[in-house]
Amino acid sequence: MSTESGHANPGYMRVFVFLIILTVAEVGAAMVLATSSAKVPLLIALAIAKATLVAMYYMHLRFEGRLLRFIAIFPLILSIILAIPPLVDALS
Amino acid sequence: MTQTTVKPHLMAEVAVAEAPHPFPVWGGMTTIKFAIWLFLASEVMFFAGLIGAYIVLRAGTPTWPIVADVLNVPLVALNTFILIVSSVTMVQAYAGIQAGDQQKLKNMLVTTTVLGIVFIAIQGIEWSALLGEGTTPSESIFGASFYVLTGFHGLHVTGGVVALIVTSIKAFRGRYSQTSHDGVELMGLYWHFVDVVWIILFTIVYLI
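Reading the values: the criteria
Residues numbered from 1 in each chain as written. Chains lettered and ligands numbered in written order. Predicted model: local features only at pLDDT ≥ 70, side-chain atom pairs only at ≥ 80, totals over all residues. Core = buried A, V, L, I, M, F, W, Y, C linked by C-beta atoms within 7 Å. Buried ≥ 20, exposed ≤ 12 C-beta atoms within 10 Å, placed from the backbone. Helix = DSSP H or I, 4+ residues; strand = E, 2+ residues; numbered from the N terminus. Contact = placed C-beta atoms within 7 Å. Expected span 1.5 Å × (residues − 1). Arc of directions from axis to C-beta. Nonpolar A, V, L, I, M, F, W, Y, C, P; charged D, E, K, R; others polar.

A. A look at the nonpolar core. In this structure, A93, L105 and F202 of chain B are the most contacted members of the largest nonpolar core, which totals 60 residues. Those elements that provide at least two residues to this core are helix 1 (12–32) and helix 2 (39–58) of chain A together with helix 2 (31–60), helix 4 (73–98), helix 5 (102–132), helix 6 (141–172) and helix 7 (182–207) of chain B. Looking at which element gives the most residues to this core, the answer is helix 7 of chain B, with 17 residues. Apart from the residues lying within four places of it in its own chain, the contact partners of L105 of chain B are A93, G96, I97, A171, Y176 and V184 of chain B.

Structural data, given as structure tokens:
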């Protein structure tokens, strides 16, 4: 949302329509693929797509510099790294 | 002497860029904006810890209930829709003040606040029904992790609503302008972050 980056209104309503479509797809997939092995990866992919849309367009990360993008992405990478060992332990 | 011409649709942005900032500028952004992003990064770690614990507990617990049988997914899907709409109204408030439209700023901030209150109310209804059915935090690991995850998010939404009320009051007092609206920008960043967290929680807790 930087004034320094000088972006214009980047199609907020279009992003909103995408978010609603993805949410409907998520709920639909959860019902239709209730017992399918494809359910979990598909739902996670849809959630990541929605979160990315909000971060990139509503939080304007798409228009920000490298520093802010790094600050936003670094804790996510760190979280994934930290989550892998206990998750592997729990599944085994 | 050469004269630089600026296209009419870029005039507002040029005016904003040239206006003095109330906060020091560092690294191409105001220090207050840098600070809120650092805060949000710490919040990512906080929720990552909670979500990670939920996933590990769920994977390691042999008797996990079928969430669609226990939780009211349609009601919470409606709540998800409400929070997404509130993100749109929040970003429209920001777009409004960027364009110098005070009325749009006020309308959109009030709408966002109301939607945030509706979200909390619906979560209250959901919790009340679950507690009435005997799903309590002490009843099972599922109950404990569910209430901790959704409760902490609810607290963040509640904090956001309080901040939105303060931002709205400032907007009605004319404290923001086309050239000075850092408060609206920071409010938006926090509110969208709360939306992002819910998008992940809705999938992990209610759909998977």
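Now that the structure is up, let's keep going.
B. Helix 4 of chain B, seen in detail. Along its 26 residues, helix 4 of chain B runs 37 Å from first to last C-alpha, staying within 8% of the 38 Å computed at 1.5 Å per residue. Backbone geometry just downstream of helix 4 of chain B places G100 of chain B in the positive-phi region, at approximately 80 degrees.

C. Spatial organisation of helix 1 of chain A. Between its terminal C-alpha atoms helix 1 of chain A stretches 30 Å, which fits the 30 Å expected from 21 residues at 1.5 Å a residue. Of the positions making up helix 1 of chain A, those classed as buried are V15, F16, L19, T23, E26, V27 and A30 of chain A. When helix 1 of chain A is viewed along its axis, its buried side chains cluster within an angular range of 110 degrees and face the same direction. Turned more than 90 degrees off the buried face of helix 1 of chain A, the exposed positions are M13, R14, V17, I21, V24, G28, M31 and V32 of chain A. In this fold, the buried residues of helix 1 of chain A make contact with helix 2 of chain A together with helix 4 and helix 7 of chain B.

D. Focus on the interface of chain A and chain B. The interface is formed by 38 residues belonging to chain A together with 38 residues belonging to chain B. Taken together, the elements giving at least two residues each to the side of chain A that touches chain B come down to helix 1, helix 2 and helix 3 (66–91) of chain A. The element contributing the most residues to the side of chain A that touches chain B is helix 3 of chain A, with 13 residues. The residue inventory of the side of chain A that touches chain B, partitioned by class, reads 28 nonpolar, 7 polar and 3 charged.

E. Local environment of the environment of I44 of chain A. All names here are of chain A. Relative to the helices and strands, I44 is located in helix 2. A residue is classified by how many C-beta atoms lie within 10 Å of it, and I44, with 15 of them, is partly exposed. Separated by 23 residues in sequence, I44 and L67 place their C-alpha atoms 27 Å apart.

On their own, these measurements won't tell you what the molecule is for.
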